[in-house]
Amino acid sequence: MKKMFKDRVDAAQQLVIKLSGTKIKNGIVLAVPRGGVPVGYEIAKALNLPLEIFLSKKIGHPNNPEFAIGSVTLNGTVVNDNVMGADRDYINRQSNKILGELKEKFKTFMDGKKSADLKGKTVILTDDGVATGSTLISAVKAIRKNSPEKIIIAVPVSPPTTTRILEQIADDFICLATPSDFLGVGQYYYDFSQVEDAEVIQLLKQAINRHEKIIQ
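So, a few notes on the structure that sits alongside this text. Keep in mind that what you see is a predicted model, and the values were worked out from it rather than measured.

A word on the overall build of the protein
- The number of helices and strands found in the protein is six helices and eight strands.
- Sequence-ordered secondary structure for the protein, helices as α and strands as β, is α-β-α-β-β-β-β-α-β-α-β-α-β-α.
- For 216 residues, the compact-globule estimate of 2.2 N^0.38 gives 17 Å, and the protein sits close to it at 17 Å.
- Projected onto its principal axes, the C-alpha coordinates of the protein cover approximately 45 × 45 × 30 Å.
- Across the 216 residues of the protein, 47% fall into the buried class.
- A separation threshold of at least 6 residues defines the contact pool for the protein, and within that pool the share at least 24 residues apart is 66%.
- Surface summary for the protein: the accessible area is close to 11100 Å², and the carbon and sulfur share equals 48%.
- Charge centroids of the protein, computed over 29 positive and 24 negative side chains, lie 4 Å from each other.

Concerning the sheet that holds strand β2 (residues 51-53)
- Strands sit in the order β2-β1-β6-β7-β8 across an open sheet of five strands; the sheet is parallel. In this open sheet, the two edge strands, each paired with only one partner strand, are β2 and β8 (172-177). Averaged over all adjacent pairs, the angle separating strand axes in this sheet is 20°, with direction ignored.

Brief notes about the sheet that holds strand β4 (residues 64-73)
- If you walk across this open sheet you meet the three strands as β3-β4-β5, and the pairing is antiparallel. One side of each edge strand has no neighbouring strand; the edge strands of this open sheet are β3 (56-61) and β5 (76-79). Adjacent strand axes in the sheet meet at a mean angle of 40°, parallel and antiparallel pairs treated alike.
- Pairing of β3 with β4, which is carried by six bridges, proceeds in the antiparallel orientation. When the sheet's bridge partners are listed, His61 is paired in β4 with Asn64.
- Packed on one face of the sheet, helix α4 (residues 134-144) meets β3, β4 and β5 and runs near 125° to β5.

So, the pattern of salt bridges
- Applying the stated criterion across every chain, the model contains seven salt bridges.
- Between Lys58 and Glu66 there is a salt bridge; the shortest N-O distance is 3.5 Å.
- Salt bridges sharing common partners tie together Lys57, Lys97 and Glu101.

Overview of the environment of His211
- Tracing the backbone shows His211 in helix α6 (residues 197-215).
- A residue is classified by how much of its surface remains accessible, and His211, at 19% relative accessible area, is buried.
- Separated by 113 residues in the primary sequence, His211 and Ile98 place their C-alpha atoms 30 Å from one another.
- With residues up to four places along the chain from it excluded, the contact list for His211 reads Asn48, Leu49 and Pro50.

Structural notes on unusual backbone geometry
- Look at the link from Pro33 to Arg34: it is a cis peptide, with omega at 0°.
- Note on placement: Arg34 falls in the loop between β1 (27-31) and α2 (36-47).
- Phi at Ser147 is positive, roughly 55°, even though this residue is not glycine.
- Tracing the backbone shows Ser147 in the loop between α4 and β7 (150-157).
- The class of Ser147 is partly exposed, set by a relative accessible area of 42%.

Things to note about the packing of helix α1 (residues 8-19) against α2
- One can describe the packing of α1 onto α2 by two numbers: an axis separation of 8 Å at closest approach and a directional angle of 40°. In terms of orientation, α1 and α2 fall into the oblique class. Relative to α2, α1 is oriented so that their crossing is right-handed. Judged by residue contacts, Arg8, Val9, Ala12, Gln13, Leu15, Val16 and Leu19 of α1 engage Pro38, Val39, Glu42, Ile43, Ala46 and Leu47 from α2.
- Partitioned by chemical class, the residues of the contact of α1 with α2 number ten nonpolar, one polar and two charged.

Basis of the calculations
Residues numbered from 1 in each chain as written. Predicted model: local features only at pLDDT ≥ 70, side-chain atom pairs only at ≥ 80, totals over all residues. Heavy atoms only, no water. Helix = DSSP H or I, 4+ residues; strand = E, 2+ residues; numbered from the N terminus. Rg over C-alpha atoms; globule rule 2.2 N^0.38 Å. Buried < 20%, exposed > 50% of the residue type's maximum accessible area, 1.4 Å probe, protein only. Contact = heavy atoms within 4.5 Å. Areas by Shrake-Rupley, 256 points an atom, 1.4 Å probe, with all protein chains shown as cover. Lys, Arg positive; Asp, Glu negative; His and termini not counted. Charge placed at Lys NZ, Arg CZ, Asp CG, Glu CD. Pairing = 2+ DSSP bridges. Axes fitted to C-alpha atoms, helices over the stretch in contact; angles between N-to-C directions. Salt bridge = Lys/Arg side-chain N within 4 Å of Asp/Glu carboxyl O. Parallel < 35°, antiparallel > 145°, perpendicular 65-115°, else oblique. Left-handed = near helix turned anticlockwise from the far one by under 90°. Nonpolar A, V, L, I, M, F, W, Y, C, P; charged D, E, K, R; others polar.

As far as function goes, none of this settles anything; it's purely spatial.
Below, the structure written as structure tokens:
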């Protein structure tokens, strides 16, 4: 199993090369925290785009909280087909509770900034890699509800089966490696250190300040 990336910054810079040929008007980068934020930061910096985080949390089944029956994001709620034993009232209560938690988390990470309106925008959705792709799948479904112009998924590494799914649901899918012997995202990095909340907050603050200077 060959390591392909020095660290998340290196992976992001390689993604930027692939993205540089894509014409992006009215774009925004949405990064999945925490590992996706260093990747998203480099992409947003290179393409002069704003950066935000994309937050998502599963709705657990009432009889088995670990079993996901849907997910909540700031952009909407996605309910899976496997909701037997969970009534609409339960789903609504859980959705509202989780949405409140996500709003507080977004406020903390984004220093009080409100989430952007995605209507008509080209959205670049990124992470430091994907395994099952469940987070990005739910993200795309939620983002679609906000009528973006285009959704581009850009990730360093993804297994072939997940790649095929993401290629179908995104308008464009950019991936640097789709190894058939995929076991886990971290195995393709020399440095896959955990990204702490403080680093996420710092990178987002830098991205906000930089973009505000660009648009002034």
